[in-house]
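Structural features, examined
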Amino acid sequence: MGTTADSMDMSDSVAVFLAGVMLTLYLSFVLYGITIVQVLILASNCREDGRYLKCIVGATFLLETVQTISCIRVVYIMTVEDFGDVVNLDKITLPCALCLLSENMLVAIVQSFYIRRIWILGERTNWCLLVCTLILLVLRVSLNLVGTVNLQSATWTELHSRRITSILINGGVASSVLLDAVIAIAMIYYLRQQMTGFTNSDDVIRWVLVYAVNTGAITFSLAAAVMILYAAMPQSLVFAGLLILMSRLYANSLLGS
């Protein structure tokens with residue numbers, strides 16, 4: 001009876017550990033399919049775009065592909081190779097670290113793109129805004145990089161017991177949310193200044209404003225969920241899956257804009 005009860009408890013703990021992250025990873029695969037469609041549309045309709053935009057799209061698609069391959073490997077390890085092996089499941093593997101590293105780089109590319117956009121919309125005069133956004137960007141990238149490196153010397157269980165890791169994860173997410181808020185507010189301000197009173201052009205600007213606000217609201221909600229679930233569910237990896245999902249939404253928003 002004791003052995004049966006122990007095995008049931010172990011099965012329940014594995015289910016809690018994997019369920020959330022598996023669902024979010026599967027959803028991220030769907031978003032990768034959307035990315036492929038977006039890239040194909042851009043490749044056929046935007047051949048005359050400048051080299052900068054083509055490099056941004058190419059880098060985004062490359063990183064998403066690397067992240068997807070890493071996520072597939074993570075799913076295989078957790079559901080096939082190490083399924084039921086609690087000790088090995090608790091280890092942070094190289095594909096897991098690659099997923100989070102590519103997430104950091106993807107978000108950095110997207111946020112850099114929007115920083116450049118508001119710099120151009122502001123006619124390259126608002127140096128204070130530029131410096132503030134770049135500081136937040138560097139802070140977010142640095143915290144996430146240090147956090148990813150820190151993962152290599154810990155297990156998932158140890159991760160939650162380390163105060164420095166909690167600071168790095170929550171600090172990185174919080175700085176990303178703050179940067180997104182600054183970018184969204186600046187974009188709304190500058191786009192409203194572009195309104196001319198002509199119906200057609202103003203309708204386009206309004207559509208861009210609604211798209212920016214809605215996209216920002218979704219990423220903000222996911223970021224808040226990451227911080228809450230990381231603190232409230234230390235026995236689950238759902239927070240890591242949400243980080244991957246959030247980077248996909250960033251990439252889709254970039255390609256869709």
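Residues numbered from 1 in each chain as written. Predicted model: local features only at pLDDT ≥ 70, side-chain atom pairs only at ≥ 80, totals over all residues. Heavy atoms only, no water.

1. Some remarks on the pattern of salt bridges
What the rule picks out here adds up to two salt bridges. Note that Glu 64 is salt-bridged to Arg 248, the shortest N-O span being 3.0 Å. Residue Glu 64 is found in helix α2 (residues 51-81), and its partner Arg 248 is found in helix α9 (residues 238-256); the two are separated by 184 residues along the sequence. With respect to class, Glu 64 is no different from Arg 248; both count as buried. Its salt-bridge partner being Glu 81, residue Arg 73 comes within 3.0 Å of it at the nearest N-O pair. Residue class for Arg 73 comes out partly exposed when judged on its relative accessible area of 35%. With a relative accessible area of 43%, Glu 81 lands in the partly exposed category. (Salt bridge = Lys/Arg side-chain N within 4 Å of Asp/Glu carboxyl O. Helix = DSSP H or I, 4+ residues; strand = E, 2+ residues; numbered from the N terminus. Buried < 20%, exposed > 50% of the residue type's maximum accessible area, 1.4 Å probe, protein only.)

2. Some points on the nonpolar core
With 59 residues, the main nonpolar core has Leu 25, Met 78, Trp 156 and Phe 239 as its most contacted residues. Elements that contribute at least two residues to this core include exactly α1 (2-45), α2, α4 (94-121), α5 (127-151), α6 (156-161), α7 (163-193), α8 (199-232) and α9. With 13 residues, the single largest contributor to this core is α4. (Core = buried A, V, L, I, M, F, W, Y, C linked by side-chain atoms within 4.5 Å.)

3. Details of empty space enclosed by the protein
Here the structure, examined in full by the defined rule, presents five cavities of 30 Å³ or more. Quantified by volume, the largest cavity comes out at close to 180 Å³. Together, 15 residues line the largest cavity, and Leu 100, Asn 144, Thr 148, Ile 169 and Leu 243 are the ones closest to its centre. Where the lining of the largest cavity is concerned, the elements lending two or more residues are α4, α5, α6, α7 and α9. The biggest single contributor to the lining of the largest cavity is α5, with five residues. Of the residues that constitute the lining of the largest cavity, the class distribution is 10 nonpolar, four polar and one charged. (1 Å grid on protein atoms, 1.4 Å probe; cavity = no way out; pocket = protein on both sides within 12 Å on 5 of 7 lines; lining within 4 Å. Points joined across faces, edges and corners; volume = space filled by probe spheres on them. Nonpolar A, V, L, I, M, F, W, Y, C, P; charged D, E, K, R; others polar.)

4. Brief notes about the layout of surface pockets
Volume-wise, the largest pocket comes out at about 380 Å³. Taken together, 18 residues line the largest pocket, and the ones lying closest to its centre are Leu 42, Asp 49, Leu 53, Lys 54 and Val 57. For the lining of the largest pocket, the elements supplying multiple residues, two or more each, are α1, α2, α4 and α9. Of the residues belonging to the lining of the largest pocket, the class tally is 11 nonpolar, two polar and five charged.

5. With respect to unusual backbone geometry
Its identity as a non-glycine residue notwithstanding, Glu 123 has a phi of 60 degrees, on the positive side. Along the chain, Glu 123 falls in the loop between α4 and α5. Of note in this structure, Arg 124 is not a glycine but carries a positive phi near 55 degrees. Tracing the backbone through its elements, the reader meets Arg 124 in the loop between α4 and α5. We classify Arg 124 as partly exposed; its relative accessible area is 48%.

6. Side note on a nonpolar patch on the surface
Taken together, the side chains of Leu 27, Val 30 and Ile 34 make up a nonpolar region of the molecular surface, amounting to roughly 250 Å² of accessible area. The residue Leu 27 is located in helix α1 in this model. Of the residues examined, Leu 27 reaches a relative accessible area of 42% and is grouped as partly exposed. (Patch = residues over 30% accessible without salt bridge, like charges linked within 9 Å, V, L, I, M, F, W, Y side chains within 5 Å. Areas by Shrake-Rupley, 256 points an atom, 1.4 Å probe, with all protein chains shown as cover.)

7. Things to note about the state of the cysteines
As enumerated under the stated definition, the model contains zero disulfides in all. Note on Cys 96: no disulfide assigned, nearest cysteine sulfur contributed by Cys 99 at a separation of 6.4 Å. With relative accessibility at 7%, the residue Cys 96 sits in the buried group. You can see Cys 99 has no disulfide; the closest cysteine sulfur is in Cys 71, sitting 3.3 Å from it. For Cys 99, a relative accessible area of 6% corresponds to the buried category. (Disulfide = S-S within 2.5 Å.)

The quantities given are spatial measurements derived from coordinates; they are silent on function.
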